[in-house]
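Per-entry structural report
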Amino acid sequence: MQNALHQLGGVPAEIRTDSLSAAWRPLSEGERTQQTARYAAFCEHYAVLASHNNPGKGHENGAVESAHGHLKRRIRQALLMRGNTDFASVDAYRSFITAQVLRHNQRHAGAVAQEREHLKPLPLKRCGDYEELLARVSASSTVTVKLVVYSVPSRLIGLMLKVRLWDDRLSFYNGSTEVHHCARVRPKKGKRRARSIDFRHMVDSLGRKPNALYHAALREDILPNDRWNALWRVLCTRAAPGLACRIMVQALKMAAEHDDIDAPRKKLAQLLKSGGELTLDRVQRQLGIPVQSPAPQAVVQHKLTDYEKIMSEASR
């Protein structure tokens, strides 16, 4: 709504919404109260009167719902003309939708120009369009926000972070410094919880304790994709749990350092197919990790007479 007001270039005296209870039904009482308070703060910031349609009077929504239906049909037709529904990114899809909306609204340009003469000016600053929360980073390098578990860099373990929650992303702050940001994730239909885990955030701590991977509750989420999970299952049939964990952590570290999740997986899969004894040194050579052998050190054996001399001087 805020973006629409800034695109319009002014603020009307009143904003009317419907009274559709289905929009609030999934929310708890506390969430409904919080949502209402945030909307009230928004209206106060823009000095606009908030009103809603009368409950049970569905015909009052007719004009708006009809226009919405027309717009959705236009978007479907534009996708058909485009030939596919594949977009390179979410931003690319948003740009496509914005172009369709602007094209749809061109017919009303004259009427909108007349209305602009009666709009109030926009405030100097935008209203905060995010929700601010606090979350502590767990020992597993994760935080929980709105029943969704997000991984963060392991250097943040133990810190209490301030989280700014937008509609599409999250920003994490330690004091006034932004320390991490990521895309927002929502639970799938029929689910209350979800996870967003990046193995790069956990590979350093796993390097110190690789065996923790075997019993990790987030193991399937830590591994980058289904192919890595399949590789892990094969690896567990070829090696003992401890060795399997060390090998997998080595491959994950390689993927993180080179920002390439496919090359280490393919090399490790090729090694498993070739057969033969599976050792950590062999895996390191396959992955291109330098195998560092400890430098030989000369051990000097002291004479027993030296110890006798020290003992005799200490007894004096």
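Now for a look at the structure at hand. (Residues numbered from 1 in each chain as written. Predicted model: local features only at pLDDT ≥ 70, side-chain atom pairs only at ≥ 80, totals over all residues. Heavy atoms only, no water.)

Focus: the overall build of the protein
- What the protein contains, in helices and strands, is 12 helices and nine strands.
- Relative to the 2.2 N^0.38 estimate, which gives 20 Å for 316 residues, the radius of gyration of the protein is 30 Å and therefore markedly larger than a compact globule would have.
- In terms of principal-axis extent, the alpha carbons of the protein reach across some 105 × 60 × 35 Å.
- Out of the 316 residues belonging to the protein, those deemed buried represent 28%.
- By sequence separation, contacts in the protein at least 24 residues apart represent 58% of the contacts at least 6 residues apart.
- Entry remark: accessible area of the protein is about 21700 Å², with carbon and sulfur atoms responsible for 53%.
- Taken as two groups, the 49 positive and 31 negative side-chain charges of the protein have centres that lie 4 Å from each other. (Helix = DSSP H or I, 4+ residues; strand = E, 2+ residues; numbered from the N terminus. Rg over C-alpha atoms; globule rule 2.2 N^0.38 Å. Buried < 20%, exposed > 50% of the residue type's maximum accessible area, 1.4 Å probe, protein only. Contact = heavy atoms within 4.5 Å. Areas by Shrake-Rupley, 256 points an atom, 1.4 Å probe, with all protein chains shown as cover. Lys, Arg positive; Asp, Glu negative; His and termini not counted. Charge placed at Lys NZ, Arg CZ, Asp CG, Glu CD.)

Some points on the side chain of His-201
- Note on placement: His-201 falls in the loop between β9 (194-196) and α6 (203-208).
- Side-chain polar atoms of His-201 contact the side chain of Ser-151, separated by 2.9 Å.
- Every residue in contact with His-201, bar those within four places of it in the chain, is listed here: Ser-141, Ser-151, Val-152, Pro-153, Ser-154 and His-180. (Polar contact = N/O pair within 3.5 Å; in protein donor to acceptor, adjacent residues only side chain to side chain.)

Focus on the sheet that holds strand β7 (residues 169-174)
- One open sheet accounts for four strands, arranged β3-β6-β7-β8; its pairing is antiparallel. The open sheet has two edge strands, β3 (131-136) and β8 (177-183), and neither has a second partner. Across the sheet, the mean angle from the axis of one strand to that of its neighbour is 25 degrees, orientation sign disregarded.
- The pairing of strand β6 (residues 160-165) with β7 spans four bridges and is antiparallel. Residue pairing in the sheet places Val-163 in a bridge with Phe-172 of β7. (Pairing = 2+ DSSP bridges. Axes fitted to C-alpha atoms, helices over the stretch in contact; angles between N-to-C directions.)

Remarks on the nonpolar core
- Residues Trp-232, Leu-235, Met-248 and Leu-278 are the most contacted members of the largest nonpolar core, which totals 33 residues.
- Those elements that provide at least two residues to this core are α6, α8 (226-238), α9 (241-258), α10 (263-274) and α11 (280-287).
- Each residue touching Leu-235, except ones within four places of it in the same chain, is listed here: Ala-244, Ile-247, Met-248, Leu-272 and Leu-278.
- Core analysis: the second largest hydrophobic core is formed by 16 residues, Ala-135, Val-145, Leu-161 and Leu-170 among them. (Core = buried A, V, L, I, M, F, W, Y, C linked by side-chain atoms within 4.5 Å.)

Describing the packing of α8 against α10
- Interaxial distance between α8 and α10 falls to 11 Å at its minimum, and their mutual angle equals 30 degrees. Taken together, the axes of α8 and α10 are roughly parallel relative to one another. Seen from above, α8 lies across α10 with left-handed handedness. Between α8 and α10, the residues in contact are Arg-227, Trp-228, Leu-231, Val-234, Leu-235 and Arg-238 and Pro-264, Arg-265, Leu-268, Ala-269 and Leu-272, respectively.
- Of the residues contributing to the contact of α8 with α10, the split by class is eight nonpolar, no polar and three charged. (Parallel < 35°, antiparallel > 145°, perpendicular 65-115°, else oblique. Left-handed = near helix turned anticlockwise from the far one by under 90°. Nonpolar A, V, L, I, M, F, W, Y, C, P; charged D, E, K, R; others polar.)

Notes on the pattern of salt bridges
- Under the criterion given, the structure shown has 13 salt bridges.
- Of the charged contacts in the structure, one is a salt bridge between Glu-131 and Arg-38, with a shortest N-O distance of 3.7 Å. Highlighted residues: Glu-131 in strand β3 and Arg-38 in helix α2 (residues 29-45), separated in sequence by 93 residues.
- Of the charged contacts, one joins Arg-164 and Glu-132 as a salt bridge, the two residues approaching to 3.3 Å between their closest N and O atoms. Taken as a pair, Arg-164 in strand β6 and Glu-132 in strand β3 lie far apart in primary sequence, 32 residues in all.
- Here Arg-164 falls in the partly exposed class, since its relative accessible area comes to 22%.
- In this structure Glu-132 comes out as partly exposed when scored by relative accessible area, which is 43%.
- Sharing partners across several salt bridges, the network here consists of Asp-91, Arg-94, Asp-168 and Arg-169. (Salt bridge = Lys/Arg side-chain N within 4 Å of Asp/Glu carboxyl O.)

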